[in-house]
Amino acid sequence: MATVELRFSAQPEHVRTARLVAAAVARRAGVDEAVLDEVRLAVGEACSRAVGLHRSHGITAPVRVVLTEEEKVFSIEVGDEVPTPGIAAAEDVPVSGGSDVAGEAHETEAGDGEDEMGLAVISGLVDDVEVTSDDNGGVIRMSWPAPSAVALP
């Protein structure tokens, strides 16, 4: 299992770098070329959401992106540090139709519908999405099939 971890300050200009890294690692993991745009877009939405939450809550901790290559699966986790007290019971609530308990709690705190819209876009791009949130922050987990890893020279 190969893992790449990226941490960046909650600045919008760093989201592009996260998208580029995700696409490069996905390509190396063997994700189908036709799906790479979806990976890029989904990571961009998830990172933009995390950046927005950090900025709106005055959190200076970095946004976390973990890219994991496993046998036949490529997964990405985008984590924020925005605590959501009282949501721990709603952990592991899958996204369906762009709405979930954890995401709605984050959206309510953010004060606008951008969070819910971002989750809807992600759920439209990725078949396997999971959103969790607790008093330590939130995580969006996304995964794609990766039939075979590409050997590096």
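Residues numbered from 1 in each chain as written. Predicted model: local features only at pLDDT ≥ 70, side-chain atom pairs only at ≥ 80, totals over all residues. Heavy atoms only, no water.

Engineer: If you had to explain unusual backbone geometry to someone new, which residues and values would you point to?
Structural biologist: The phi dihedral of Lys 72 falls on the positive side, at around 70°, and the residue is not glycine. Summarising the element assignment, Lys 72 is placed in strand β3 (residues 72-79). For Lys 72, a relative accessible area of 55% gives the class exposed. (Helix = DSSP H or I, 4+ residues; strand = E, 2+ residues; numbered from the N terminus. Buried < 20%, exposed > 50% of the residue type's maximum accessible area, 1.4 Å probe, protein only.)

Engineer: Go over the environment of Gly 137, please, and point to the residues and values.
Structural biologist: Tracing the backbone through its elements, the reader meets Gly 137 in strand β6 (residues 137-146). Looking at Gly 137, the relative accessible area reads 7%, which means it is buried. Separated by 57 residues in sequence, Gly 137 and Asp 80 have C-alpha atoms that sit 5.4 Å apart. If sequence neighbours within four positions are ignored, Gly 137 has contacts with Asp 80, Glu 81, Val 82, Pro 83 and Thr 132. (Contact = heavy atoms within 4.5 Å.)

Engineer: Quick rundown of the pattern of salt bridges? Include the residues and the values.
Structural biologist: Here the structure, examined in full by the defined rule, presents 8 salt bridges. For Asp 37, the salt bridge is made with Arg 40, and the minimal N-O distance between the two is 2.5 Å. Of this pair, Asp 37 and Arg 40 are both found in helix α2 (residues 36-56), 3 residues apart, which corresponds to roughly one turn of the helix. A relative accessible area of 45% places Asp 37 in the partly exposed class. On the basis of relative accessibility, which here comes to 25%, the residue Arg 40 falls in the partly exposed class. A salt bridge links Arg 49 to Asp 80, with the nearest nitrogen and oxygen atoms 3.8 Å apart. In this pair, Arg 49 is assigned in helix α2 and Asp 80 in the loop between β3 and β4 (93-94), connecting sequence segments 31 residues apart. Here Arg 49 matches Asp 80 in class, with each residue buried. (Salt bridge = Lys/Arg side-chain N within 4 Å of Asp/Glu carboxyl O.)

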